[in-house]
Amino acid sequence: MSAVEPEPSDVVARSTRLVLRPIGNPLPLGFLALAVGTTVVSGLQLGWIPPPQGSDVALIVIAFVVPLQLVASVFGFLGRDVVAGTGMGLLAGTWLSIGLVQLTAAPGSTSKALGLLLLVAGTTLLVPAATAASAKVVPALVIATSAVRFALTGIQQLTASDLWEDVAGIVGLVLGGLALYAGLALAIEDATRRTVLPVGRRGFGRSSLDGNLPDQLVRLEGEAGIREQL
């Protein structure tokens, strides 16, 4: 009796391999860059930095904040975290827009185009913030506060109101503190492989840190880049 030859599809199925490459958590980089950017811009809004130096603030945002958050976005997607990738990408695009408009604008002037963009950008940030809330509370809070910060700045740009500018600047400082804490907590967590400062992990956010290897591979076949369509 001759042996039954396996179907080609069976051979392919049995020989399929998935290669996962460990990477460092990019969120500390993105959050610390956010802390720098929002604090410097708040300094301009609150009058700590003279209006004629607004172009310097724009250059800082473009040269320092945007590249770091773009790197964080790319590695967020590579790390299979769509919330980190999307959130950091939206932040990078928004900060780049702020920097470019500020760089070309007259000192102390406002832009209705930028104001509208900031309102919409703030709204879009609520998507990754809401999604992150089910797994990591502190990162979700940082992204949500970023949404509020951009929305307030957008209102200030549309109304040219000094009051809204002050409010946006104050919220920006609060955001800087939150982002600094989140960056520190996540960096320590990634270095020590345990939670030292609370980040509010729960659900899959908790099992991703405390679980074993099989826990990390649950539903892997359904992730983007593995399933047939996005």
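Please refer to the structure higher up on the page.
Quick notes on the rules
- Residues numbered from 1 in each chain as written.
- Predicted model: local features only at pLDDT ≥ 70, side-chain atom pairs only at ≥ 80, totals over all residues.
- Heavy atoms only, no water.
- Core = buried A, V, L, I, M, F, W, Y, C linked by side-chain atoms within 4.5 Å.
- Buried < 20%, exposed > 50% of the residue type's maximum accessible area, 1.4 Å probe, protein only.
- Helix = DSSP H or I, 4+ residues; strand = E, 2+ residues; numbered from the N terminus.
- Contact = heavy atoms within 4.5 Å.
- Salt bridge = Lys/Arg side-chain N within 4 Å of Asp/Glu carboxyl O.
- Patch = residues over 30% accessible without salt bridge, like charges linked within 9 Å, V, L, I, M, F, W, Y side chains within 5 Å.
- Areas by Shrake-Rupley, 256 points an atom, 1.4 Å probe, with all protein chains shown as cover.
- Phe/Tyr/Trp six-rings, centres within 6.5 Å; stacked < 30°, edge-to-face > 60°.
- Axes fitted to C-alpha atoms, helices over the stretch in contact; angles between N-to-C directions.
- Parallel < 35°, antiparallel > 145°, perpendicular 65-115°, else oblique.
- Left-handed = near helix turned anticlockwise from the far one by under 90°.
- Nonpolar A, V, L, I, M, F, W, Y, C, P; charged D, E, K, R; others polar.

Phe31, Leu34, Leu91, Trp95, Val142 and Phe150 are the most contacted members of the largest nonpolar core, which has 36 residues in total. Elements with a minimum of two residues in this core: α2 (27-45), α3 (54-78), α4 (82-104), α5 (112-132), α6 (137-159) and α7 (162-192). Residue contacts for phenylalanine 150: discarding those within four places in its chain leaves Leu91, Thr94, Trp95, Ile98, Leu118, Gly122 and Leu125.

Quick look at the pattern of salt bridges now. This structure, assessed with the given rule, holds one salt bridge. Residues lysine 136 and aspartate 81 are paired through a salt bridge, measuring 3.5 Å at the closest nitrogen-oxygen approach. Of this pair, lysine 136 sits in the loop between α5 and α6 while aspartate 81 sits in the loop between α3 and α4, and the two are 55 residues apart along the sequence.

Within the chain, arginine 80 stands out as a residue other than glycine whose phi angle is a positive 65°. Relative to the assigned elements, arginine 80 resides in the loop between α3 and α4. For alanine 160, which is not a glycine, the phi torsion comes out positive at approximately 55°. In this fold, alanine 160 is placed in the loop between α6 and α7. Under the relative-accessibility criterion, alanine 160 is labelled partly exposed at 47%.

A cluster of nonpolar side chains, namely Ile23, Leu29, Val71, Val74, Phe75 and Leu78, defines an oily patch on the protein surface of about 480 Å² accessible area. Top element by residues in the nonpolar patch is α3. It accounts for four residues. Looking at where leucine 29 falls in the secondary structure, it is placed in helix α2.

Our next topic: the packing of aromatic side chains. All chains considered together, the criterion is met by one aromatic pair. Arranged with centres 5.2 Å apart and planes meeting at 70°, the rings of tryptophan 95 and phenylalanine 150 form a pair that is edge-to-face. A residue pair is termed long-range when its members are at least 10 positions apart, and tryptophan 95 in helix α4 and phenylalanine 150 in helix α6 qualify at 55 residues. With relative accessibility at 0%, the residue tryptophan 95 sits in the buried group.

Contact geometry of α4 with α5 gives a least axis separation of 9 Å together with a crossing angle of 165°. By the angle class used here, α4 and α5 are roughly antiparallel. In the crossing of α4 with α5, the sense of the turn from one axis to the other is left-handed. Note on element contacts: α5 touches α4 through Leu114, Leu117, Leu118, Ala121, Thr124, Leu125, Pro128, Thr131 and Ala132, opposite Val83, Gly87, Leu90, Leu91, Thr94, Ser97, Ile98 and Val101. Counted by class, the contact of α4 with α5 contains 12 nonpolar, five polar and no charged residues.

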